[in-house]
Amino acid sequence: MNLKNTWRLIVGAVFICSVLQFSPWALAQNKLEPYLFGMPFTLWFGILITLLLILLTAVGGYVFARLKSDEIKEE
Amino acid sequence: MLSYLIIIGVVYIGVLMFFSWHTKKQIKTSSDFMLGGAKIGVGIGLMTFAATLFSTFTLLGMPDFSRTNGVGAWIFLAFSDAIMVFLILWFGFYLRKRVGKSTYQGMSTLLQKCYQNKMAGYLYFTAVFLFLIPYIAIQIRGVAIFLVSAFPDFIPVWSWSIGIVLVMLIYSELGGLKAIIYADSLQGTLLLIVVWIVAFNCLNQVGGWNALFERVALLNRDLLSTPGPKELLSPQFLIASALAILMIPVTQPQLSTRLVIMKNYNALKRMATAVGFFAMLVILPTIIIGMYGAIYYADATTSEFLGGVLLGEQHEMIAAFIIIGLFAAAMSTSDSQLFAMGNEIKGLLGLNEDDNLRPVRLVILLFALSALIFSLLSSDELVLLARLSFSGTALMGPMIILGIFSKRPQGFAMILLSFLALLIFILSNLGWFPKQILSFRTDLLLMILLGVAALINFLIIDRRPDKS
């Protein structure tokens, strides 16, 4: 897979994470279970998906820098 | 507590003065003063970006917001911040490419170059001027009501407010951007330490992590899911908030400047990831404090809750440390905003190295006075005031992204549409225009329409073949 497609895949993953977080399933009223480490579903799911986004940012930054390496060298 | 406060306060102000004096020696040109030498590494970049982003709104507003609206506050801020740091990767690259080797004179001037139209810069500056006022006002009001809680019989809230504005103005004038950036490192660290000290204290009081959520579930189950007891955190509210927060580094000049002055793109991408982790570390304890407040301060007012949990329940030395930490959080955001506004007006007026900067100082003074008046008249709902600020400036986002991303000038249509959107948003906040259109929130609908308009504009103009 080339760098451009990898970058597109990462952007797609970020978009899917956002759709998932704002979906009726994730924002259901009074949905407390399953609990994880004592936390209600809304909080632990929010923390996990936020963490996933930050990891995608770390990987995405690396891929985007490789993709634009010629232009970045000119800085 | 007063003696602890004086000792810690003197040390804090002493360190700030040292930064100011130390960086003043390195300033050779007004560009050094305005852009801090433009070589910021990952560590300093992280701390200055985070300290500017997180403010009184985080330390005071978020605990109160999660106390009354529940754990959905995490989605409102932390998740939105995570999307924002991803956008920095892409937007930061194109912004730096646009600025290139030339000296960055602020977003207003850059937009005038991109659109080859003066109106683009003036519209952006107007939106930023109008909607950063409530954000500065939050810093002033947050610290002032907190200080009144700490010293109830000392001086009234308006006296504290005037004192705070004076300190902000003086520091933003003294040492230039580099002094502000170094001070941000101290203030960001202080903010993180203070918020975790309070959160650990809350967990100890309540009997640990699991007990915190068990007791909240017994008292008010609605706090543990969305939309919360007040039904505020609806999907539309959260999506509109995420879009507004996503646009902060694009539209707020104090943050877009920090993207430009990073040493190189590699430093920028690492800084973006680090800011994401920092956001999680700062926001999680505010949720803990909020849940604690829902147990012990369920019916208290904002100032009773904050005064109790941040001052009354703490050791005197910790309470003094918290007051300084809070002041630092307000300062690090406000001085950066005042400074960025100065840079914007300097660029718009086309002032050079040796020109008289009196008009710049006059605009900053007017801006600070407007914020002071707003702070004296506004409510204690700090988070919703911050959201108003984010939403107002975010309306300029599509116009900015279109201008920076395009290879050729994009005509007048987007400037006109952004102006109309800004006008409708102001009218809807004054109650002179509906807050809902076709079951959509007005702010969300405006953002979607502007985004679509920018995309159509780009496809029509940028893809048009050259006449030659």
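Computed from a predicted model, the values in this text were never measured in an experiment.

This paragraph deals with the overall build of chain B. Scanning chain B from N- to C-terminus turns up 21 helices and 2 strands. Considered along the principal axes of its C-alpha atoms, chain B spans approximately 75 × 55 × 40 Å. For chain B, with 468 residues in total, the buried portion stands at 62%. For chain B, long-range pairs separated by at least 24 residues make up 84% of all intrachain contacts whose partners lie at least 6 apart in sequence. For chain B, the exposed surface amounts to about 17600 Å²; the carbon and sulfur share of it is 67%. Looking at chain B, you have 31 positive and 23 negative side-chain charges, and the mean spots of the two groups are 15 Å apart.

Contacts between chain A and chain B engage 42 residues on the former and 41 residues on the latter. Interface area, chain A with chain B, both sides summed: about 3600 Å², of which 73% is carbon and sulfur. There are 0 salt bridges connecting chain A and chain B. Counting the contacts that link chain A with chain B gives 5 residue pairs in polar contact (both at pLDDT 80 or more). Within the residue set of the side of chain A that touches chain B, elements represented by two or more residues are α1 (3-21), α2 (41-67) and α3 (69-73) of chain A. With 18 residues, α2 of chain A is the largest single contributor of residues to the side of chain A that touches chain B.

So, on to the side chain of N69 of chain B. Residues and elements named next belong to chain B. Its location among the elements puts N69 in helix α4 (residues 56-69). Looking at N69, its side chain comes within polar contact range of the side chain of T68, at 3.3 Å. Residue contacts for N69: discarding those within four places in its chain leaves L223, P227, G228, P229, K230, L232 and L233.

All names here are of chain B. Compared with an ideal rise of 1.5 Å per residue, which puts 27 residues at 39 Å, helix α5 (residues 73-99) spans 36 Å between its outermost C-alpha atoms and is within 8% of the ideal. Most pronounced at I88, the bend in α5 amounts to some 35 degrees. Within α5, 24 of the 27 residues are buried, leaving the element largely enclosed by the surrounding structure. Trailing α5 by a residue or two, G100 shows a phi angle of about 60 degrees, which is positive.

Residues and elements named next belong to chain B. The biggest cluster of nonpolar side chains holds 200 residues, and the ones touching the most others in it are F91 and M107. For this core, the element with the highest residue contribution is α5, accounting for 20 residues. Every residue in contact with F91, bar those within four places of it in the chain, is listed here: M107, P249, V250, L259, I400, I401 and I404.

At the junction of T226 of chain B and P227 of chain B, the peptide bond is cis and its omega measures out at 5 degrees in the coordinates. Even without a glycine there, the phi angle at F37 of chain A is positive, about 50 degrees. Within the fold, F37 of chain A resides in the loop between α1 and α2. Look at E231 of chain B: it is not a glycine, yet its phi comes out positive at around 60 degrees. For E231 of chain B, the location among the structural elements is in the loop between α10 (209-219) and α11 (235-246).

So, about the packing of aromatic side chains. Each aromatic ring pair is summarised here by two numbers: the centre-to-centre distance and the angle between the ring planes. Throughout the structure, instances matching the rule amount to 25 aromatic pairs over all chains. With centroids separated by 5.3 Å and ring planes inclined at 75 degrees, the aromatic side chains of W25 of chain A and F41 of chain A adopt a geometry described as edge-to-face. Remark: F41 of chain A occurs in helix α2 and W25 of chain A occurs in the loop between α1 and α2; sequence separation between them is 16 residues. Measuring from ring centre to ring centre gives 5.0 Å for F65 of chain B and F76 of chain B, while their planes differ by 40 degrees; the resulting arrangement is tilted. Here the residue F65 of chain B occupies a position in helix α4, and F76 of chain B occupies one in helix α5, the gap between them amounting to 11 residues. The same class applies to F65 of chain B as to F76 of chain B, namely buried. Taken together, the aromatic side chains of W7 and F64 of chain A together with F86, W90, F93, Y94 and Y265 of chain B make up a single cluster linked through ring pairs. Taking the ring centre of F237 of chain B as reference, the NZ or CZ of R387 of chain B above it sits at 4.5 Å.

Turning next to the environment of E304 of chain B. Residues and elements named next belong to chain B. Locating E304 in the fold gives a position in helix α15 (residues 302-312). Here the alpha-carbon distance between E304 and L402, two residues 98 residues apart in the chain, equals 46 Å. At a separation of 3.0 Å, a polar atom in the side chain of E304 contacts the main-chain amide nitrogen of T301.

Now for the packing of α5 of chain B against helix α6 (residues 107-115) of chain B. All names here are of chain B. Contact pair α5 / α6: the axes reach a minimum separation of 11 Å and the direction vectors enclose 75 degrees. Taken as axis vectors, α5 and α6 run roughly perpendicular relative to one another. Across the interface between the two elements, F91, L95, R98 and V99 of α5 pack against M107, L110 and C114 of α6. Partitioning the contact of α5 with α6 into residue classes produces 6 nonpolar, no polar and 1 charged.

Attention now moves to the packing of α4 of chain B against helix α18 (residues 382-394) of chain B. Residue and element names in this part refer to chain B. Relative orientation of the contacting elements α4 and α18 amounts to 120 degrees, with a least axis distance of 8 Å. The orientation of α4 relative to α18 falls into the category oblique. Contacts between α4 and α18 involve T56, F57, L60, G61, M62 and F65 from the first element and L382, V383, L384, A386 and F390 from the second. Its residues assigned to classes, the contact of α4 with α18 comprises 9 nonpolar, 2 polar and no charged.

Right, let's talk about the pattern of salt bridges for a bit. All names here are of chain B. If you walk through the whole model with that rule in mind, you get 4 salt bridges over all chains. Residues D443 and R387 are paired through a salt bridge, measuring 3.1 Å at the closest nitrogen-oxygen approach. Of this pair, D443 sits in helix α21 (residues 442-461) while R387 sits in helix α18, and the two are 56 residues apart along the sequence. Of the residues examined, R387 reaches a relative accessible area of 7% and is grouped as buried. As a salt-bridge pair, D443 and R441 come within 3.2 Å of each other at their nearest N and O atoms. Judged by relative accessible area, D443 falls into the buried class, the value being 10%. One salt-bridge network, held together by shared partners, links R387, R441 and D443.

What counts and how
Per chain, residue numbering runs from 1 following the sequence as it is written. Each chain takes a letter, starting from A, and each ligand takes a number, starting from 1, following the order in which they are written. In keeping with the model being predicted, local features are shown solely for residues with a pLDDT of at least 70 and side-chain atom pairs are shown and tallied solely at 80 or more, while totals for entire chains, interfaces and linings include all residues. The side-chain quantities take in all heavy atoms of the structure and omit both hydrogens and water. Helix numbering and strand numbering both begin at the N terminus, where a helix is a DSSP run of H or I of at least 4 residues and a strand a DSSP run of E of at least 2. Here's how the labels work: a residue is buried when its accessible area is under 20% of the maximum for its type, exposed when over 50%, partly exposed in between, all with a 1.4 Å probe on protein chains only. Contacts are residue-level and defined by heavy atoms, with any inter-residue pair within 4.5 Å sufficient. Note on areas: Shrake-Rupley with a 1.4 Å probe; residue coverage comes only from the protein chains shown. Residues scored as charged are limited to Lys and Arg (positive) and Asp and Glu (negative), so that His and the chain ends carry no count. Working definition for charges: the position is that of NZ of Lys, CZ of Arg, CG of Asp or CD of Glu. For any pair of parts, buried area is found by adding up, for both, the accessible area (1.4 Å probe) each one loses once the two are put together. Basic side-chain nitrogens of Lys or Arg form a salt bridge, by our definition, when they fall within 4 Å of a carboxyl oxygen of Asp or Glu. Side-chain atoms alone can form a polar contact between residues adjacent in sequence; in general such a contact is a pair of N or O atoms within 3.5 Å, and within protein one must be able to donate a hydrogen while the other accepts it. By this rule, a helix spans an expected 1.5 Å times one less than how many residues it contains. A residue's bend is the angle separating two fitted axes: one through the seven residues that end there, the other through the seven that start there. Grouping buried Ala, Val, Leu, Ile, Met, Phe, Trp, Tyr and Cys residues that are joined through side-chain atoms within 4.5 Å yields what is termed a nonpolar core. Note on aromatic contacts: the rings of Phe and Tyr and the six-membered ring of Trp form a pair at centre separations within 6.5 Å, being stacked when their planes are under 30 degrees apart, edge-to-face when over 60 apart, and tilted otherwise. To sit over a ring, a charge needs its Lys NZ or Arg CZ within 6 Å of the ring centre and within 35 degrees of the ring normal. Note on geometry: axes are C-alpha line fits, over the in-contact stretch for helices, and angles between N-to-C directions span 0 to 180 degrees. Here the angle decides the label: under 35 degrees means roughly parallel, over 145 means roughly antiparallel, 65 to 115 means roughly perpendicular, and every other value means oblique. Think of it as three bins: nonpolar holds Ala, Val, Leu, Ile, Met, Phe, Trp, Tyr, Cys and Pro, charged holds Asp, Glu, Lys and Arg, and polar takes everything else, Gly as well.

By themselves, these figures tell us nothing about what the structure is for.
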